There are 2 protein chains.
Amino acid sequence: MSKAKGSKGERDLMKFFWENGWACVRSAGSGSTSFPSPDLIAGNKIRRVAVECKVTKDDSKYFTKDEIRQLRAFSDYFGTEPWVAVKLSKEPWYFLSLDDLKETDKNFVATLSLCRTNGLLTEEFFS
Amino acid sequence: MSKAKGSKGERDLMKFFWENGWACVRSAGSGSTSFPSPDLIAGNKIRRVAVECKVTKDDSKYFTKDEIRQLRAFSDYFGTEPWVAVKLSKEPWYFLSLDDLKETDKNFVATLSLCRTNGLLTEEFFS
């Protein structure tokens, strides 16, 4: 996946948050800072979330253990709920909690069946 | 002020937050998105803040009315305290609440005397 497509995906999700009455920022540091830096941070009067986003043309998407560790660490400090958002080929966005990812020896993975079984569609996430 | 110096200033403040047990992200969108996008968003278990940062070689610094309006709007949605952080020539960083800025016809301004009178040094902000 190109960096541009990833950024476009983040901007699309950012728009969803604002349209649903949340404030949301994209992080500048993601991938280029020594501090944990999730792709999106969003909040409203009630909830606050940190989201790692992935867009792919495949039917599953991997997260490194370090990405998930940093997402957890950031959320522990800030007080956010840690989420991943995944857009697989021809699928809508799914939000998954970290417990819903499948852990392998080296990675965490969001498969199509996991997304469809455990994921929340945006309308479910925001309802 | 160059964009590079502004970014360095933001990274310095980001480091202060992390060193004091807060999580902090720099916003990617600042100045390039239609959504309000403060320079820094930081939080710990107790407090959450949105910060607009300015570095200058002068002895006062202006904020546009739109910058302040957006900082307030973001904070209303997210539930953050809105702050500005100003580093004037040869001075340390000062944190100012929006009520402590002087409003003029066209801008809000942080002068040296306002900073010294009402501003919080980083050690005061984090204590």
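Residues numbered from 1 in each chain as written. Chains lettered and ligands numbered in written order. Predicted model: local features only at pLDDT ≥ 70, side-chain atom pairs only at ≥ 80, totals over all residues.

1. Let's talk about the sheet that holds strand β8 (residues 107-111) of chain B
Residue and element names in this part refer to chain B.
Consideration 1: Taken together, three strands build an open sheet; the order of strands is β4-β8-β7 and the sheet is antiparallel. Single-partner strands in this sheet number two, and they are β4 (60-64) and β7 (102-103).
Consideration 2: By the bridge criterion, two bridges tie β7 to β8 in an arrangement that is antiparallel. When the bridges of β8 are listed, Glu103 appears paired with Phe108. (Pairing = 2+ DSSP bridges. Helix = DSSP H or I, 4+ residues; strand = E, 2+ residues; numbered from the N terminus.)

2. A closer look at the interface of chain A and chain B
Consideration 1: Listed by partner, the interface residues are 19 residues for chain A and 19 residues for chain B.
Consideration 2: Elements with a minimum of two residues in the side of chain A that touches chain B: α1 (3-19), β1 (23-26), β2 (40-43) and α2 (65-78) of chain A.
Consideration 3: Looking at the side of chain A that touches chain B residue by residue, the classes come out as eleven nonpolar, six polar and two charged. (Contact = placed C-beta atoms within 7 Å. Nonpolar A, V, L, I, M, F, W, Y, C, P; charged D, E, K, R; others polar.)

3. So, the sheet that holds strand β7 (residues 102-103) of chain A
Residues and elements named next belong to chain A.
Consideration 1: Overall, antiparallel pairing links the three strands, which are arranged β4-β8-β7 in an open sheet. The open sheet has two edge strands, β4 (60-64) and β7, and neither has a second partner.
Consideration 2: In this sheet, strand β8 (residues 107-111) lies alongside β4 in antiparallel orientation, the contact comprising five bridges. Across the sheet, residue Tyr62 finds its bridge partner in β8, namely Val109.
Consideration 3: Those strands touched by α2 are β4 and β8, and its axis lies near 65 degrees from that of β4. (Axes fitted to C-alpha atoms, helices over the stretch in contact; angles between N-to-C directions.)

4. Overview of the relation of the copies chain A and chain B
Consideration 1: When chain A is fitted onto chain B, the two copies agree to an RMSD of 0.0 Å after a turn of 180 degrees and an axial shift of 0.0 Å. The superposition operator between the copies reduces to a two-fold rotation axis. Considering only C-alpha atoms, the part of chain A nearest the rotation axis is Ala28 of chain A, at 2.0 Å.
Consideration 2: By residue overlap, the copies meet face to face through one surface: 100% of the interface positions of chain A are interface positions in chain B. (Least-squares fit on C-alpha atoms with pLDDT ≥ 70 in both.)

5. Side note on helix α2 (residues 65-78) of chain B
Consideration 1: Spanning 14 residues, α2 of chain B covers 20 Å between terminal C-alpha atoms, matching the ideal 20 Å at 1.5 Å per step.
Consideration 2: Within α2 of chain B the residues assigned to the buried category are Glu67, Leu71, Phe74, Ser75, Tyr77 and Phe78 of chain B. One side of α2 of chain B holds all its buried residues, which, seen down the axis, span an arc of 160 degrees.
Consideration 3: Along its buried surface, α2 of chain B packs onto β1 and β2 of chain A together with β3 (48-55), β4 and β5 (81-87) of chain B.
Consideration 4: Gly79 of chain B sits one or two positions beyond α2 of chain B and adopts a positive phi of about 90 degrees. (Expected span 1.5 Å × (residues − 1). Buried ≥ 20, exposed ≤ 12 C-beta atoms within 10 Å, placed from the backbone. Arc of directions from axis to C-beta.)

6. Quick notes on the confidence of the model for chain A
The predicted coordinates ought not to be read in detail in places where the model reports low pLDDT.
Consideration 1: When pLDDT is averaged across chain A, the result is 93; 96% of the residues are at 70 or more.
Consideration 2: Scored by ipTM, the complex comes to 0.91, with pTM at 0.93. (pLDDT = per-residue confidence, 0-100.)

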